[in-house]
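The chain contents come next:
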Amino acid sequence: MRMTYLAAYDRELRTDAEVAHALSVAAHGPLRLAVFPGGRGFVSYSDLDGRDSADIEELIDVALAHFATLSGIDSIEWKTRGHDRAPGLGQALEHRGFVPEEEESVMIGEAAALAHPVDLPAEVELRRARTEAEVFAMEEMQGRVFGDPRWRVRVETTLQRIREDDTVEVWTAVADGEVISAGRLEPVAGTRFAGLWGGATLPEWRGRGIYRALTAERARSALALGKLYLQSDCTEFSRPILERAGLVKVSTTTPYVWTRPTD
């Protein structure tokens, strides 16, 4: 089953699917070189076609040269995968100023297997966030959980995603009027997948099945939209939670990020 999931992931969720919402996309060999709002460059590919280390270094240089021709690019992300054959890639990226971020697990599961009922504490209610105030409360909670002082920046980004694509769903768990857990469902057009993103729960509410219930609710929505699989990139902290919900670790992913130096 793991290899079936992984093959579907490589075929359906890389290249075009990863850059579907980009402002612009250029192709060079196997690479898709995308620009996202906020001056973010992004490099995607399904594989590197068996290239050796010298060829891989050349691809990196081509990508950097491309983004250098564009104004306003403040960062570039090259998202590596643990199962790719890419000799010397990480070292070559670091030599060119990219910094590896935390390794994450690539998790996949069948939506039907995750859509089972989960008991919730009596005072907790699951809601789909639709208004600006609800999205603001969700992002504020996640900012606290992740210690991110820039969480307000994401409010407008999330609202814009919802406005542009009414299949994007934000789900929250609420107790006594406070958002205590949340996560997004993002169906991927033209694929059998929907993504589970943005999962967070306040520390005092963890271990009570709330995030598993949110996952099950999103799985039911995914099924209603005709999706077969759910996929998420998660930290080592979140991996056991998703495994208990029914997802399987199929690989790892490590973002390497170049950031424009400040004067």
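In case you missed it, the structure is sitting above this.
Thresholds applied
Residues numbered from 1 in each chain as written. Predicted model: local features only at pLDDT ≥ 70, side-chain atom pairs only at ≥ 80, totals over all residues. Heavy atoms only, no water. Helix = DSSP H or I, 4+ residues; strand = E, 2+ residues; numbered from the N terminus. Expected span 1.5 Å × (residues − 1). Buried < 20%, exposed > 50% of the residue type's maximum accessible area, 1.4 Å probe, protein only. Arc of directions from axis to C-beta. Contact = heavy atoms within 4.5 Å. Polar contact = N/O pair within 3.5 Å; in protein donor to acceptor, adjacent residues only side chain to side chain. Axes fitted to C-alpha atoms, helices over the stretch in contact; angles between N-to-C directions. Parallel < 35°, antiparallel > 145°, perpendicular 65-115°, else oblique. Left-handed = near helix turned anticlockwise from the far one by under 90°. Nonpolar A, V, L, I, M, F, W, Y, C, P; charged D, E, K, R; others polar. Salt bridge = Lys/Arg side-chain N within 4 Å of Asp/Glu carboxyl O.

Engineer: Describe in detail helix 7 (residues 210–224), supporting the description with residues and values.
Structural biologist: Taking 1.5 Å as the rise per residue, helix 7 with 15 residues should run 21 Å; its terminal C-alpha atoms sit 21 Å apart, in good agreement. Along helix 7, the residues that are buried comprise Ile210, Tyr211, Ala213, Leu214, Thr215, Ala216, Arg218, Ala219, Ser221 and Ala222.

Engineer: Break down unusual backbone geometry for me, citing the residues and quoting the values.
Structural biologist: Even without glycine at this site, Thr15 takes up a positive phi of about 55°. As for its position among the elements, Thr15 is in the loop between helix 1 (2–12) and strand 1 (24–28).

Engineer: I'd like a rundown of helix 2 (residues 53–68), residues and numbers included.
Structural biologist: Each α-helix winds once per 3.6 residues, and so residues spaced three or four apart point in a common direction. The end-to-end C-alpha distance of helix 2 is 23 Å, a good match for the 22 Å that 16 residues give at a rise of 1.5 Å each. Among the residues of helix 2, Ile56, Leu59, Ile60, Ala63 and Phe67 are the ones counted as buried. End-on view of helix 2: buried residues confined to an arc of 100°, all on one side of the axis. Turned more than 90 degrees off the buried face of helix 2, the exposed positions are Glu58 and Ala68. Buried residues along helix 2 sit in contact with strand 1, strand 2 (31–36), strand 3 (40–44), strand 4 (75–81) and helix 3 (89–95). If you check the start of helix 2, you find a side-chain oxygen 3.2 Å away from the backbone N of Ala54, and it comes from Asp52.

Engineer: Break down the packing of helix 5 (residues 132–146) against helix 6 (residues 151–164) for me, with residues and values.
Structural biologist: Following both chains from N to C, one finds helix 5 and helix 6 inclined at 135°, their axes separated by 9 Å at the closest point. Taken as axis vectors, helix 5 and helix 6 run oblique relative to one another. The hand of the helix 5/helix 6 crossing is right-handed. Taken together, the residues of helix 6 that come into contact with helix 5 (itself represented by Glu132, Val135, Phe136, Met138, Glu139, Glu140, Gln142 and Gly143) are Trp151, Arg154, Val155, Thr158, Leu159 and Ile162. When grouped by side-chain class, the residues that make up the contact of helix 5 with helix 6 number seven nonpolar, three polar and four charged.

Engineer: An account of the pattern of salt bridges is needed here, citing residue identities and associated values.
Structural biologist: A complete count under the given rule lists 22 salt bridges for this structure. Put simply, Glu139 and Arg154 hold a salt bridge, and the shortest N to O gap is 3.1 Å. Of the two residues, Glu139 is situated in helix 5 and Arg154 in helix 6; the sequence distance between them amounts to 15 residues. You can call Glu139 buried: its relative accessible area is 2%. By relative accessible area, which is 26% here, Arg154 ends up partly exposed. Note that Glu217 and Arg220 form a salt bridge whose closest N and O atoms lie 2.8 Å from each other. Of this pair, Glu217 and Arg220 both sit in helix 7, three residues apart, roughly one helical turn. Residues joined in a network through salt bridges with shared partners are Asp10, Arg14 and Asp84.

Engineer: Any chance you could break down the environment of Ala137 for me, citing the residues and the numbers?
Structural biologist: Its place among the elements puts Ala137 in helix 5. Judged by relative accessible area, which is 28%, Ala137 ranks as partly exposed. Note: C-alpha distance between Ala137 and Ala182 (45 residues apart in sequence) is 9.9 Å.

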